[in-house]
Structure formats: C-alpha cells, structure tokens
Amino acid sequence: PVMLAELTIGRGARRGPVAALGHFGGPAWRSLGLVFVGAGFLILTYYGVIGGWTLRYAFEAAIFGFAADPGGHFGEVASGWGSLGTQVLFMILTILIVSGGIGAGSERAARIAMPGLFLIMLGIALYAAFLPGSGAGYAYYLNFDLEKALALDVVVAAAGQAFFSLSLGMGAILTFASYLPRESNLARETAVISFSDFGVAFVAGLMVFPLIFALGMQGEISGSTIGALFVALPKAFLSMGGVGRVVGGAFFIALVVGALTSAISLLEVLVSASMDAFGWARRRAAISCGLLVTVAGSWSAFDIEILDLADSIAINLFLVGGGLGIALFVGYAMREPIAEASSGAEPGFVHGIWLFLLRFVVPVALVFVLWNGLPETWAKLVALLGRG
C-alpha cells in the first residue's frame, strides 16, 4: 500500500518529494517531503561507508585474495582513513552515475548492473547447492516457525527491512515515479517491484545460508549481517582455496553492484529535491549533494558505532515514520487518490482495498512498529553517549 501511494504521488506531481507533497497537499505537507530528503541523506551518509567496504573487499579478492585473519582485517577496513578513502571512492562513482541523468546515468547503470547481480547470485546459489552439508542450510533457512515469525523483535526488524529494501519512506520510489509516463499501470508496477525485490532477497538466502552451513560457519554469524558479510563469509571463501577466491570475488562484486544501485537511488532523492528547490542543473546538484553527504558520512567512516546508531535512527524512525506520513496523507489529505492511482488503468476493487488499508490498517501497524523500535534506538544512543 505504501509503495503504491509513493508511486501515485510521484507520477502525479512529476517532482521530487518536497515539491510533490506541496503539489497535492499544499505548503503544510512540504515538511513531510523534507523528512524523506532527511532520511535519504542520513542513510547515504553511512551507506556510502558500507559501499566503500564492499568495493575494497571486491578489489582485494580479485587481486590479493582474502586475508588470513578476516576478523582482524575487517577491524582495519571498517574504520579510519582507509574506510574514509573507500567511502570517498564509492561516492565518486555514485555521483558520476547520477550526474548522467535518469536515462543516460541511473537507468543505464541499472540495466547492466541488476541483471548482472542476479546472474552472479544464481551462479553462487547453484554452486552452494552442490556443496556437502548445504542441506542443513536449506533446512535452517526454509524452516517456518510461526511463533518466532511473530516475535516482537522479528516483526519490528522485518518491517524496517521491508521499508529499507523497497526504498520506502525515503522518497526514492516517489522520485523515480516522477519520471513514469501517465499511462503506467501503477498497481501492476507495485506488484512487479515488490515481488521482484522479494525474489532477489529469497535467492540471496539460497546463496548465503547453504554456503555458510556447508563450510561450518553458522556459529560465527550470531545474527549480525555485517559479521556474516565481512567476517564469516570471507573466512569461508578462504577455506575453499582457489575456488573460494573466484566465488568470493564474484560474491563481493555482486555486493558492490547492489550497494551502488541503492546509493544511486538515495542520491537521486537529494538531487531531485535540490533541482526543484534551487533550480540547479543536475550535475551541480549531484556534486553538491554528494560532497555534503560524503563529509557528513566521515563520522561513520571513523566510528562503526556511529554508523550503527545512524542506521537505527534511519530505519526505525525515519523510514517507518515516513511511511506512516504517506499513508495518512494519501488516506485522508489527498483529493481523489484512487483517480490518480488508477490513471493508466481502470479503477478496480484493488484500489478500494488499497485506500482502506492506507486509512485503517497501515497507520495502526506502523505506529506499533514505530513505538516498539524506539527502545533499540534509544539504547544505542545512550550507549554511544555513555562511551564518551
């Protein structure tokens, strides 16, 4: 529902987040667009750092192989001047692509990068399937436990991950929708985007879990995504010898591609908003916004705890809060949302359900998620302040 709401606003206004909310709701709603811009800015400050790590790992895997002590090596990579250097390099690549525009830059990069990413993932998933012991990984990954699925921490984390993965609550989908033709069937686009995103994530699980279990690394993950990506998996690839270098190199190249395409969408939000607000040319907006993000992200490049706090604030507060704002805006403030959403297709039963969900179901669910995500973010903030 939130995805379709963002697509509807973006295509209808044909502007960035701030101007689009003002177009449909008047000046008072422009502040919600500013929340989106703020979310995109905050996420990109630390996402560029993580993108820099993936860039370094991909380069090292291809040239030198994996370090003998993955944990110690990640400690060196994750903070300090080296981390800042790779962040700057990653952001330069992002700025160059976004400067080229939607057609010549972002779209061209995505048309090459996304199929390449998916093919690499499929290749590694097939390789992992034939490793001895991979069955335990499938059993762990595909085992359904309703009690665990409905646990509070899982529900809150899953909601945040859904918003982050689908780029909701940060203005990215709204911004890209501003370039869609009026005849686009937005309900169909919503389904295609959502299920494609889920499909790629599902294949990623088929790639990672069998590989980790086949190599006996499941005890070293401990629920940490960063631990799995930059410590456990490199250790697994190292134990595989020459084959591991090839597979691991392909894996981190796929990570670079995924990170780069996400960074492009985040920077596009800032660029679009700057072009609307200040009348800047695209290149100037891309360079200015990219430079500002890079400078702000230097804090995360030097301190992984700051990165972790920024991630928690962005996902638990900004994204979920932005989604709540969109649901309330389209559900109650926007005039004739169904007419706008169904432009390019006949209004149908699905649009009525969509508006009902936005008005009565989505706000309740997101308030619940938002409230229960506060303690985690607060605890990280207190820990960081207490450290000082």
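Predicted model, so just to flag it, every value in this text is computed and none were measured.

Let us now look at the overall build of the protein chain. Assigned secondary structure in the protein chain consists of 17 helices and 0 strands. Its C-alpha atoms give the protein chain principal-axis dimensions of roughly 60 × 45 × 45 Å. Nonlocal contacts in the protein chain, meaning residues at least 24 apart in sequence, comprise 79% of its contacts between residues at least 6 apart. In the structure as shown, the protein chain presents an accessible area of about 17,700 Å², 70% of it carried by carbon and sulfur atoms. Computing the positive centroid from 19 side-chain charges and the negative centroid from 22, the protein chain places the two 10 Å apart.

Here the focus is the packing of helix α3 (residues 30-63) against helix α15 (residues 304-333). Contact pair α3 / α15: the axes reach a minimum separation of 9 Å and the direction vectors enclose 150 degrees. α3 and α15 meet at a crossing whose hand is left-handed. Classifying every residue of the contact of α3 with α15 gives 20 nonpolar, 3 polar and 1 charged.

With that settled, the discussion passes to the layout of surface pockets. Reported here for the second largest pocket is a volume of approximately 280 Å³. Lining the second largest pocket are 17 residues; nearest its centre among them are Val37, Leu270, Ala273, Ser274 and Phe278. For the lining of the second largest pocket, the secondary structure elements donating two or more residues are α2 (17-25), α3, α13 (242-278) and α14 (282-302). Taken together, the residues of the lining of the second largest pocket break down into 13 nonpolar, 2 polar and 2 charged.

Further remarks concern unusual backbone geometry. You will see that Arg14, though not glycine, has its phi angle at about 55 degrees, which is positive. Looking at the secondary structure, you find Arg14 in the loop between α1 (2-13) and α2. Judged by its relative accessible area of 40%, Arg14 is partly exposed. In this structure, Glu336 is a non-glycine residue whose phi angle is positive, near 50 degrees. Relative to the assigned elements, Glu336 resides in the loop between α15 and α16 (337-341).

Right, let's talk about the pattern of salt bridges for a bit. According to the stated counting rule, one finds 7 salt bridges in the structure shown. We note a salt bridge from Arg56 to Glu60, for which the minimum N-O separation is 2.9 Å. Placement of both Arg56 and Glu60 in helix α3 is noted, with a separation of 4 residues, approximately one turn of the helix. With relative accessibility at 24%, the residue Arg56 sits in the partly exposed group. Several salt bridges converge on common partners, so that one network encompasses Asp303, Glu305 and Arg387.

Over the atoms, a rolled probe matching the size of one water molecule traces out where space is still vacant. Summed over all chains, the structure comprises 1 cavity of 30 Å³ or more. Considering only enclosed or pocket space, the largest cavity measures out at about 50 Å³ in volume. Around the largest cavity sit Tyr57, Glu60, Gly65, Phe66, Ala67, Pro70, His73 and Pro234, which together line it. Mapped onto the lining of the largest cavity, the elements with two or more residues apiece are α3 and α4 (70-77). Along the lines of polarity and charge, the residues of the lining of the largest cavity split into 5 nonpolar, 2 polar and 1 charged.

Definitions and cut-offs
- Residues numbered from 1 in each chain as written.
- Predicted model: local features only at pLDDT ≥ 70, side-chain atom pairs only at ≥ 80, totals over all residues.
- Heavy atoms only, no water.
- Helix = DSSP H or I, 4+ residues; strand = E, 2+ residues; numbered from the N terminus.
- Contact = heavy atoms within 4.5 Å.
- Areas by Shrake-Rupley, 256 points an atom, 1.4 Å probe, with all protein chains shown as cover.
- Lys, Arg positive; Asp, Glu negative; His and termini not counted.
- Charge placed at Lys NZ, Arg CZ, Asp CG, Glu CD.
- Axes fitted to C-alpha atoms, helices over the stretch in contact; angles between N-to-C directions.
- Left-handed = near helix turned anticlockwise from the far one by under 90°.
- Nonpolar A, V, L, I, M, F, W, Y, C, P; charged D, E, K, R; others polar.
- 1 Å grid on protein atoms, 1.4 Å probe; cavity = no way out; pocket = protein on both sides within 12 Å on 5 of 7 lines; lining within 4 Å.
- Points joined across faces, edges and corners; volume = space filled by probe spheres on them.
- Buried < 20%, exposed > 50% of the residue type's maximum accessible area, 1.4 Å probe, protein only.
- Salt bridge = Lys/Arg side-chain N within 4 Å of Asp/Glu carboxyl O.

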